[in-house]
Amino acid sequence: MSSMLILAAEEMENPLVPPIPELVIGLIAFVIVFGFLAWKLLPNINKVLEQRREAIEGGIEKAEAAQTEAQSVLEQYKAQLAEARHEAARLRQEAQEQGATLIAEMRAEGQRQREEIVAAGHTQIAADRKAAASALRQDVGKLATDLAGKLVGESLEDHARQSRVIDRFLDELDEKATKAEAAR
């Protein structure tokens with residue numbers, strides 16, 4: 001029994017240690033696969049990694065360029081906005097000045113029209129006064145002639161004499177009125 005055990009033990013090798021020929025074949029296969037991967041696959045992997053790194057760096061550069069461009073566009077926008085505000089303020093000021101000028105012109109035109117109306121009214125009043133004075137002169141002259149004719153007892157129907165008497169009477173009244181105004 002014991003010899004059988006020894007024989008069985010010799011046939012049973014350690015399962016953790018592979019047989020040497022398998023180990024050599026596995027090692028050669030590993031070196032071949034590793035060499036193939038290092039020769040073919042590793043450059044492709046490095047190439048892809050390099051492309052990714054360049055893409056990332058390019059993306060960062062593009063992002064920085066875009067940020068710089070956005071900053072310049074923002075500055076331009078702010079400058080345009082400030083210019084538009086300045087232009088709006090200038091237009092508002094011009095409108096206010098034009099409004100003030102227009103108001104001043106309208107006031108001047110209204111003043112001119114008022115003065116024309118007042119002057120026309122004074123002219124009309126003067127004309128009406130002359131017409132009234134003339135009509136009053138004729139009426140007063142007629143009444144004075146009639147009264148004088150009744151007082152004197154003779155007719156004063158002679159037109160030339162009548163005109164002289166009336167004119168003299170009215171001139172005396174004008175002189176008295178002028179003296180009364182001067183005394184005031």
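Computed from a prediction, not measured in an experiment: that's the story for all the values here. Within every chain, residues take consecutive numbers counted from 1 along the sequence as written. Under the rules for a predicted model, residues below a pLDDT of 70 receive no local features and side-chain atom pairs below 80 are neither given nor counted, while totals for whole chains, interfaces and linings still include all residues. Only hydrogens and water are set aside when side-chain values are computed; all heavy atoms of the structure are taken into account.

Peer 1: It is not clear to me how the overall build of the protein chain should be interpreted in this structure. Could you clarify?
Peer 2: When helices and strands are tallied, the protein chain shows three helices and zero strands. For the protein chain, the sequential pattern of α-helices and β-strands runs α-α-α. For every residue, the accessible area (1.4 Å probe, protein chains only) is compared with the maximum for its type, and the residue is labelled buried under 20%, exposed over 50%, or partly exposed between those bounds. Looking at the protein chain residue by residue over its 184 residues, the buried ones come to 4%. As presented, the protein chain carries roughly 16,400 Å² of accessible surface, and 63% of it is formed by carbon and sulfur atoms. By definition, any uninterrupted DSSP run of H or I lasting at least four residues is a helix, any uninterrupted run of E lasting at least two residues is a strand, and each is numbered from the N terminus. Methods summary: accessible areas were calculated by the Shrake-Rupley approach with a probe of 1.4 Å, and residue burial reflects only the protein chains presented.

Peer 1: Is there a simple way to explain the UniProt feature "transmembrane region" (unreviewed entry) in the protein chain in this structure?
Peer 2: UniProt positions are given in the numbering used here, feature names are shortened, and annotations may be inferred rather than shown by experiment. The UniProt entry lists residues 20-42 under the feature "transmembrane region" (unreviewed entry), expressed in the numbering used here. Across residues 20-42, helical content stands at 100% and strand content at 0%; the span's end C-alpha atoms are separated by 30 Å.

Peer 1: Is there a simple way to think about the packing of aromatic side chains in this case?
Peer 2: The way to describe two aromatic rings as a pair is by their centre distance and the angle between their planes. In this analysis, rings of Phe, Tyr and Trp, with Trp reduced to its six-membered ring, are considered paired at centre separations within 6.5 Å, and the interplanar angle assigns stacked below 30 degrees, edge-to-face beyond 60, and tilted for intermediate values. Scanning all chains against the criterion turns up one aromatic pair. Arranged with centres 6.1 Å apart and planes meeting at 20 degrees, the rings of Phe-30 and Phe-34 form a pair that is stacked. With Phe-30 and Phe-34 both in helix H2 (residues 20-152) and four residues apart, this pair spans about one turn of that helix. For the cation-ring pair, Lys-40 lies above Trp-39, with the distance from its terminal atom to the ring centre recorded as 5.0 Å. Look at NZ for Lys and CZ for Arg. If either is within 6 Å of the ring centre and within 35 degrees of the ring normal, a charge sits over the ring.

Peer 1: Just checking my understanding: could you explain the environment of Arg-164 for this structure?
Peer 2: Here Arg-164 shows up in helix H3 (residues 159-183). On the basis of relative accessibility, which here comes to 55%, the residue Arg-164 falls in the exposed class. Expressed as a C-alpha distance, the spacing of Arg-164 and Gly-141, which sit 23 residues apart in the sequence, is 9.8 Å.

Peer 1: Help me understand the pattern of salt bridges, please; the structure alone is not making it clear to me.
Peer 2: Close approach of charged atoms lets side chains of opposite charge pair. Whenever a carboxyl oxygen of Asp or Glu lies within 4 Å of a side-chain nitrogen of Lys or Arg, that contact is scored as a salt bridge. Enumeration over the complete set of coordinates arrives at six salt bridges. A salt bridge links Arg-53 to Glu-57; the nearest nitrogen and oxygen atoms lie 2.8 Å apart. With Arg-53 and Glu-57 both in helix H2 and four residues apart, this pair spans about one turn of that helix. Since its relative accessible area comes to 37%, Arg-53 is described here as partly exposed. The partner of Glu-87 in a salt bridge is Arg-90, and the shortest N-O contact between them spans 2.2 Å. One end of the pair, Glu-87, and the other, Arg-90, are both in helix H2, three residues apart, so they sit about a helical turn from each other. By relative accessible area, which is 34% here, Glu-87 ends up partly exposed.

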